[in-house]
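Topology and contacts: notes
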Amino acid sequence: MPATVFVTQDSPGRNFFPALKYGELVPLFPGNAQVVLSATPTIRSLKTKLKNFNDEDFLLLTGDPVIMGLSITIALELNLGRAKLLKWDRQERDYFPVTINLHEKG
C-alpha cells in the first residue's frame, strides 16, 4: 500500500511539493477550518479520515494548533502509539521525517 501524507489543513498559497516524495498528499481540513467551541466534530471527522493510518503514513502539520494536536493524538491512538511526522527544515528547504513511538523503551 502506498504511503499517504495527511496534511492537517490545506493552505492554497503554500507549496507542499517537497512532501510528495513521502506519499500522496491528502488534506484533512480546508485552510479556513478552526476549532472554536467544541472539538467533538473535529475529533469525529479525524477518526474517520485517519481510520487507516499506519506505519507507512505521515502527518504534515500546518494550520490550527488544535487540529494539529488532535491529528497527532488520533493517529497515535489508531496506530498503537506510533506515527511519523514531516518537519520542515528552512535551511534545506525540505521535509524530514520524525518518528514517534510512545511505547519505545530506551
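Scroll up to find the structure.
This text gives an overview of the structure that appears in the document. (Residues numbered from 1 in each chain as written. Predicted model: local features only at pLDDT ≥ 70, side-chain atom pairs only at ≥ 80, totals over all residues. Heavy atoms only, no water.)

Describing the environment of Ser 71
Examined against the element boundaries, Ser 71 turns out to sit in helix H2 (residues 65-78). Considering only alpha carbons, one finds Ser 71 and Leu 28, 43 residues apart in sequence, at a separation of 9.0 Å. Setting aside chain neighbours within four positions, we find Ser 71 in contact with Thr 8, Leu 28, Leu 46, Leu 50 and Leu 59. (Helix = DSSP H or I, 4+ residues; strand = E, 2+ residues; numbered from the N terminus. Contact = heavy atoms within 4.5 Å.)

Describing the nonpolar core
Phe 6, Leu 28, Phe 29, Leu 46, Leu 50, Phe 53 and Leu 59 are the most contacted members of the largest nonpolar core, which totals 17 residues. For this core, the elements supplying multiple residues, two or more each, are H2 and strand E4 (82-89). Tallying contributions element by element places H2 first for this core, with six residues. In contact with Leu 46, not counting residues within four places along its chain, are Leu 28, Phe 29, Ile 67, Leu 70, Ser 71 and Ile 74. Ranked by size, the runner-up nonpolar core spans nine residues in total, among them Val 5, Ala 19, Phe 58 and Tyr 95. (Core = buried A, V, L, I, M, F, W, Y, C linked by side-chain atoms within 4.5 Å. Buried < 20%, exposed > 50% of the residue type's maximum accessible area, 1.4 Å probe, protein only.)

A short note on the pairing of strand E5 (residues 94-101)
The side chains of a regular strand alternate, first on one face of the sheet and then on the other. Where E4 lies against E5, eight bridges are found, and the strand directions are antiparallel. By the bridge assignment for E5, Lys 87 is matched with Phe 96. Hairpin connection of E4 to E5: four residues between the antiparallel strands, including Arg 93 at a positive phi of 55°. (Pairing = 2+ DSSP bridges.)

Looking at the pairing of strand E1 (residues 4-7)
On E1, burial covers both faces: Thr 4 and Phe 6 on one face and Val 5 and Val 7 on the other are all buried. One ladder, built from four bridges, connects E1 with strand E2 (residues 24-27); its direction is parallel. Paired with Thr 4 across the strands is Glu 24, a residue of E2. Alignment of E1 against strand E3 (residues 58-60), held across three bridges, turns out to be parallel. The residue of E3 that forms the bridge with Val 5 is Phe 58.

So, the side chain of Thr 62
Examined against the element boundaries, Thr 62 turns out to sit in the loop between E3 and H2. Overall, the relative accessible area of 6% leaves Thr 62 in the buried class. A distance of 2.6 Å separates the side chain of Thr 62 from the side chain of Arg 14, its partner in a polar contact. In this structure Thr 62 touches Val 7, Thr 8, Gln 9, Ser 11, Arg 14, Phe 16 and Met 68, once residues within four positions along its chain are discounted. (Polar contact = N/O pair within 3.5 Å; in protein donor to acceptor, adjacent residues only side chain to side chain.)

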